[in-house]
Amino acid sequence: MDRTIDFTRAVPAHMCAEDAAELKRRLKRLTILERFQTVRLQGRTMSPATSVAWVAKAKYLVKAARFSLENLAPEQRASKCPDGPTLFATLSAADFQKLKMANPAWAHASIGRFNAMFAEGYFDDWPASDVAPHQCKQRQGSRASDPFNDLAFTQILRAAFWLNGLQSEVLALFSELQAREASGLANNHVKSRRRTQAKDLIRSWTSESLRPEAPFPYHVLLAPGKGERLWYTSWPLENLRSAKAFLHLCQVANAVLILSSTGMRIGELCSLTANSLVERDGRLYIGGRSYKDNDVHSGQERDWPFPRVAVSGFEAQVSLHRLLDERSALWIPFGGEKNLSGLASLAHGLKRFGDLIALPDGRSLAELDGPITPHRFRYSVARYTALSLTGASQVLFDVLGHDDVEVTLGYAHRDPELHDDINKIRREVRALRVKEVFDHAEYNGGAAAEMVRNVSADMLARSGKVELETDDIGEAATILGEAELVKPGVLCTAQPLERGACSPIPGIRDVGACTSSCLHHLELAAHRQTRRGKLEYLLDLVGRAERGGRPFYQSQIVASLHAFPDLVEQYGSDVRLRMALSDCDSRAWNTLPSDFRERMRQSMEGSR
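Described in the following lines is the structure provided in the data block.

**Some thoughts on the overall build of the chain**
Consideration 1: Along its length, the chain carries 23 helices and 11 strands.
Consideration 2: Classification of the 608 residues of the chain by burial places 46% in the buried group.
Consideration 3: Contacts spanning at least 24 positions in sequence make up 62% of the contacts within the chain whose residues lie at least 6 apart.
Consideration 4: When the accessible surface of the chain is summed, it comes to about 30,600 Å², and 52% of that surface belongs to carbon and sulfur atoms.

**Focus on the packing of aromatic side chains**
Consideration 1: As enumerated under the stated definition, the model contains 15 aromatic pairs in all.
Consideration 2: Centroid distance Phe-88 to Trp-126: 5.9 Å. Interplanar angle 75 degrees. Geometry classified as edge-to-face. You can see Phe-88 sitting in the loop between α2 (51-72) and α3 (93-102) and its partner Trp-126 sitting in the loop between α4 (104-119) and α5 (150-182), a full 38 residues away along the chain. Comparing Phe-88 with Trp-126, the two get one shared label, buried.
Consideration 3: Ring geometry for Phe-96 versus Trp-106: centroids 6.3 Å apart, planes at 45 degrees, classification tilted. You can see Phe-96 sitting in helix α3 and its partner Trp-106 sitting in helix α4, a full 10 residues away along the chain. Across this residue pair, the class does not change: Phe-96 and Trp-106 are buried.

**Brief notes about the environment of Leu-324**
Consideration 1: Note that Leu-324 resides in helix α9 (residues 308-324).
Consideration 2: Separated by 146 residues in sequence, Leu-324 and Gln-178 place their C-alpha atoms 9.9 Å apart.

**A look at α2**
Consideration 1: The terminal C-alpha atoms of α2, which comprises 22 residues, lie 30 Å apart, in line with the 32 Å expected from a rise of 1.5 Å per residue.
Consideration 2: One or two residues past the end of α2 sits Ala-73, with phi positive at roughly 45 degrees.

**Let's talk about the sheet that holds strand β3 (residues 215-225)**
Consideration 1: Taken in spatial order, the three strands line up as β4-β3-β8 in an open sheet, and their pairing is antiparallel. Only two strands of the sheet have a single neighbouring strand rather than two, namely β4 (228-234) and β8 (357-358).
Consideration 2: Across five bridges, β3 lies against β4 in antiparallel orientation. Looking across to β4, one finds that Val-220 is bridged to Tyr-232.
Consideration 3: Here helix α7 (residues 240-262) sits on the sheet in contact with β3, β4 and β8, set at roughly 125 degrees to β3.

**Points about the nonpolar core**
Consideration 1: Membership of the largest hydrophobic core comes to 67 residues, with the highest contact counts inside it found for Leu-163, Phe-246, Val-256, Leu-269, Phe-353, Ile-357 and Leu-365.
Consideration 2: Of all the elements in the fold, those that place two or more residues in this core are α5, α6 (191-204), β3, α7, α8 (266-270), α9, α10 (346-356) and α11 (365-369).
Consideration 3: In this structure, Val-11, Leu-41, Leu-61 and Phe-88 belong to the second largest nonpolar core, which totals 31 residues.

**Let's talk about the pattern of salt bridges**
Consideration 1: Inspection of the entire model under this criterion finds 13 salt bridges.
Consideration 2: Between Asp-125 and Arg-26 there is a salt bridge, with the nearest N and O atoms lying 3.3 Å from each other. Here the residue Asp-125 occupies a position in the loop between α4 and α5, and Arg-26 occupies one in helix α1 (residues 17-36), the gap between them amounting to 99 residues.
Consideration 3: Judged by relative accessible area, Asp-125 falls into the buried class, the value being 0%.
Consideration 4: Taking the relative accessible area as the measure of exposure, Arg-26 reaches 3% and is therefore buried.
Consideration 5: Its salt-bridge partner being Asp-369, residue Arg-376 comes within 2.9 Å of it at the nearest N-O pair.
Consideration 6: Shared partners join several salt bridges into a network, and the residues in it are Glu-34, Lys-57 and Arg-113.

**Structural notes on the sheet that holds strand β5 (residues 277-280)**
Consideration 1: A sheet is described by the order of its strands in space; here three strands give the open sequence β5-β6-β7, paired in antiparallel fashion. Every interior strand has two partners, whereas the edge strands, β5 and β7 (300-305), have only one. Taken pair by pair, the neighbouring strands of this sheet meet at an average axis angle of 35 degrees, ignoring direction.

Analysis parameters
Residues numbered from 1 in each chain as written. Predicted model: local features only at pLDDT ≥ 70, side-chain atom pairs only at ≥ 80, totals over all residues. Heavy atoms only, no water. Helix = DSSP H or I, 4+ residues; strand = E, 2+ residues; numbered from the N terminus. Buried < 20%, exposed > 50% of the residue type's maximum accessible area, 1.4 Å probe, protein only. Contact = heavy atoms within 4.5 Å. Areas by Shrake-Rupley, 256 points an atom, 1.4 Å probe, with all protein chains shown as cover. Phe/Tyr/Trp six-rings, centres within 6.5 Å; stacked < 30°, edge-to-face > 60°. Expected span 1.5 Å × (residues − 1). Pairing = 2+ DSSP bridges. Axes fitted to C-alpha atoms, helices over the stretch in contact; angles between N-to-C directions. Core = buried A, V, L, I, M, F, W, Y, C linked by side-chain atoms within 4.5 Å. Salt bridge = Lys/Arg side-chain N within 4 Å of Asp/Glu carboxyl O.

Right, dumping it as structure tokens:
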């Protein structure tokens, strides 16, 4: 990217040398103000842009100045600044509207700051301090900045894993094609003969996974000829053209694996080279460049922890790169698809990935939750990481595995912007969870349920409200602690340094040791039906269990009843419960509160 600013581009052909010099001085003055001046507008502080953004805005200004001088002929008026007449100050409202429409990027990026600088007296070449900014039209229904839903994220990842696994076998086919051509078996490079031989080899090629009788788990749309598109549901492919298109999808799948396990920006992804992966102290790191939030024109070198799942995508891409393209860029521009920097257009490839891969029922990946864009992976990583940390979702663990999620969390915490997004979502999830707990206070279970009911009643009594509102959530959240989801439907209400059944050492918790008898154990009201179903299942099992296995089932039955004591009344007259607990070891009861034991005794005796 060219980061020099050529102010002569603003000079019209008819302008004399003296006026041209004054014009360039005026533009330089404005760009220097843009680079270093912090201003306030409508109570909001507007800081200068980073170097890269500033260069772009300066170029927009040069184009706007040229348009104004050539098409609008602004009236010449003296300025307080010693650098010639004004450019924008005398433009009428209609002319300024023409200027904005012809230069939307400049208008959108600079009008707000120019308003503020004019209002604070930093320069006078401006018509007013309340010039309306250019309104960018929002695309209707755009999903470019939304995280993927669970179904779409899972299917996109599964499709990427599938293609990533096939790539080595497809590369073996291409290696054979190259070997035949190099050995002269391609009939002296006669094009038609080469195409025919390549087509025959592709149609007859088989490997461990690429067999004619094995259907693809996803349907793939490829173009075997110009203006022709076919859905492939199994191997083989039609010809060399379709095989290259399939390999292109493998490359995009590699990018998907890296994006979905790191949350990289597209610029960071494109900056990777074949030597970016390094190992230090037994941990893998990926080295690239970040162009966000830094003033270095060429980007700032960074490295991030790299998950094993992403390594499979990276190593597959290196193999692809070494076979087909030995240039420095890791990503190959299949079909000539390039962006302005000359790198493969991965953003375009990702969008086409959603259109060209479909589920067996005919729905394309893009139809599940909108187009696939690079930034959606970043927002999805932030969302799923936050939900994983709060225990609200296991999607990231399901698709990446526990170890890789741990590394992804390390990557996310090294990225300040991603870290902020994660914390924001965590706060939102926690607020929703606290609200759910107190909205259903009467129906929660577990040893901590009584505490929640007392707190809820106290807060309602003090406020005089019928139910807790949004402004009460902060106080309720403070009382409830982190409200960590330790099991499906089960929260731990312990404060960070509070001891419990899972934390003999304050501050260190083992969620696997969570028990229903713990004072901090809270089961959500929605979990009641799950407990009831489990109780039915246990009552059936204990009746058929051998004597040595009965104590285990009996302890589980007692724990289920203790979680929701009202189940005691419901099952107290059930013959299965009396038979199940008739020979129950006292150790299954001794750790439970005395009032619960008495309640069980009365219920069992009353049913006889």
